[in-house]
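Observations on the three-dimensional arrangement
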Amino acid sequence: MVNDPQAPASTICAKETSSKLPLTVYAITTVKGGAGKTEFAECLEATHTLSGHRTTLIDVDDGNRGLVRRVGTANVLKVEWSTSVLAAPHWVARHSADTDAMIFDLGAGIDSSDLPVMAFLETAWRMLADRGARIIICAVVSTNAPTSNFVERLERRFGALGEVVVVCNNQDGSEAYPAEIAALTQQKIHLARLQSGIQAVRLSRRERLSSVIRTPDTGHFMACALMAKRILEVANQAFFKSLPITQGLEELKRLAQEAPKQFHYAINRRSHATDEIIGQNAILAVAEIALRRRGLIDDDILAAAKNYRLQHDRYIELTRAAPK
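Our subject in this report is the structure included herewith. Since this is a predicted model, take the numbers as computed values, not measurements. Along each chain, numbering runs from 1 in the same order as the chain's sequence is written. Note on the predicted model: pLDDT of at least 70 is required for a residue's local features to be given, and 80 or more for side-chain atom pairs to be given and counted; whole-chain, interface and lining totals, by contrast, use all residues. Water and hydrogen atoms play no part in the side-chain values, which are based on all heavy atoms of the structure.

Observations concerning the packing of helix H7 (residues 196–203) against helix H9 (residues 221–235)
Condition: Note on method: axes are straight lines fitted to C-alpha atoms, helices fitted across the in-contact stretch only, with angles between N-to-C directions ranging 0 to 180 degrees. Only runs of H or I of at least four residues qualify as helices and only runs of E of at least two qualify as strands under DSSP, and these elements are numbered from the N terminus. Each angle gets one of four labels, with under 35 degrees taken as roughly parallel, over 145 as roughly antiparallel, 65 to 115 as roughly perpendicular, and the rest as oblique. Pairs of residues are marked as contacts when any of their non-hydrogen atoms sit within 4.5 Å. The classification used treats Ala, Val, Leu, Ile, Met, Phe, Trp, Tyr, Cys and Pro as nonpolar, Asp, Glu, Lys and Arg as charged, and all other residues, Gly among them, as polar.
H9 packs onto H7 with a crossing angle of 100 degrees between their chain directions and a minimal axis gap of 10 Å. Here H7 lies roughly perpendicular to H9, going by the angle between them. Of the residues in H9, those in contact with Ile198, Val201 and Arg202 of H7 are Ala223, Leu226 and Met227. Along the lines of polarity and charge, the residues of the contact of H7 with H9 split into 5 nonpolar, no polar and 1 charged.

Given below as structure tokens:
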């Protein structure tokens, strides 16, 4: 069965003023939960939508519904694990005509299952490919997730249907991926770590990520700029050069331009992700760099140390006053 809400098209597909483009279909999966597949699905949505393309999100994870919980029921299509292959023709006809990108967020490990929905998905993707769609299977690996033969398994099952790419999610900031990742020949996409305080800002609204970034809550303009910067870093990678999104990154660049370049302290709490505290955190980072600059004479060192102390005290004052 497919949960197919009778909502206006504008609530399911982000309507943008773009001409009809060849359809791009992303199927995002991982070997274990928590590796970041829903995060990457959101990055793709924001990249396409903010580039002026119509985008459809599809949640195929009965066990979690992480995408639904992030963006809200009205902004996503749900496909249940019990969905029959017989539903594929009608589903494709109904949902593929009015979109430029379809993003499927699959349940962890579902690719190796014999659930009915896998036959539905493979049939739907094959039908879309026959109509000229580009099918991209995204294998998400992270610094805390084993891979075993995950990517090779996807290549065997879906390689003839589309292309398999490896999404390296630097979840903890360590870039310590399993050793076998380096040996994989598939093209790689790198997803930078999003600090937990910024992530908390994003999760405070059940909307598409593109909407959150476009219309920041009061006091969280810089946090949204940091989200935009992360997405722009994804969109600028080599893999996406062959996709039409690279022709429309102006809005994303504009939204990302106010993002600070560095911080002194990690932003681990939502209360520390306000414009005032993020700004002071960035000022403190600049003060630290100035203090460490080589070749300073004694007077310069003293002045830099005083400024660092002043900025540090200001940062501590702001964070202590922030809600716990």
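Focus: the packing of aromatic side chains
Put simply, the rule is: Put simply, two rings from Phe, Tyr or Trp (the six-membered ring, in Trp's case) pair if the centres are within 6.5 Å, and we call them stacked under 30 degrees between planes, edge-to-face over 60, tilted for the rest. Whether a residue is buried, partly exposed or exposed follows from its accessible area with a 1.4 Å probe, protein chains only, as a fraction of its type maximum: under 20%, in between, or over 50%, in that order.
All told, the structure shown has 6 aromatic pairs when counted by the stated rule. Look at tryptophan 91 and phenylalanine 104: their rings are 5.8 Å apart centre to centre, the planes differ by 45 degrees, and that puts the pair in the tilted class. You can see tryptophan 91 sitting in helix H4 (residues 88–95) and its partner phenylalanine 104 sitting in strand E5 (residues 101–106), a full 13 residues away along the chain. For tryptophan 91, a relative accessible area of 2% gives the class buried. Seen from their ring centres, tyrosine 265 and tyrosine 315 are 5.0 Å apart, and the 15 degrees between their planes marks the pair as stacked. You can see tyrosine 265 sitting in the loop between helix H10 (250–256) and helix H11 (275–292) and its partner tyrosine 315 sitting in helix H12 (residues 298–321), a full 50 residues away along the chain. Relative accessible area serves as the criterion here: at 5%, tyrosine 315 is assigned to the buried category.

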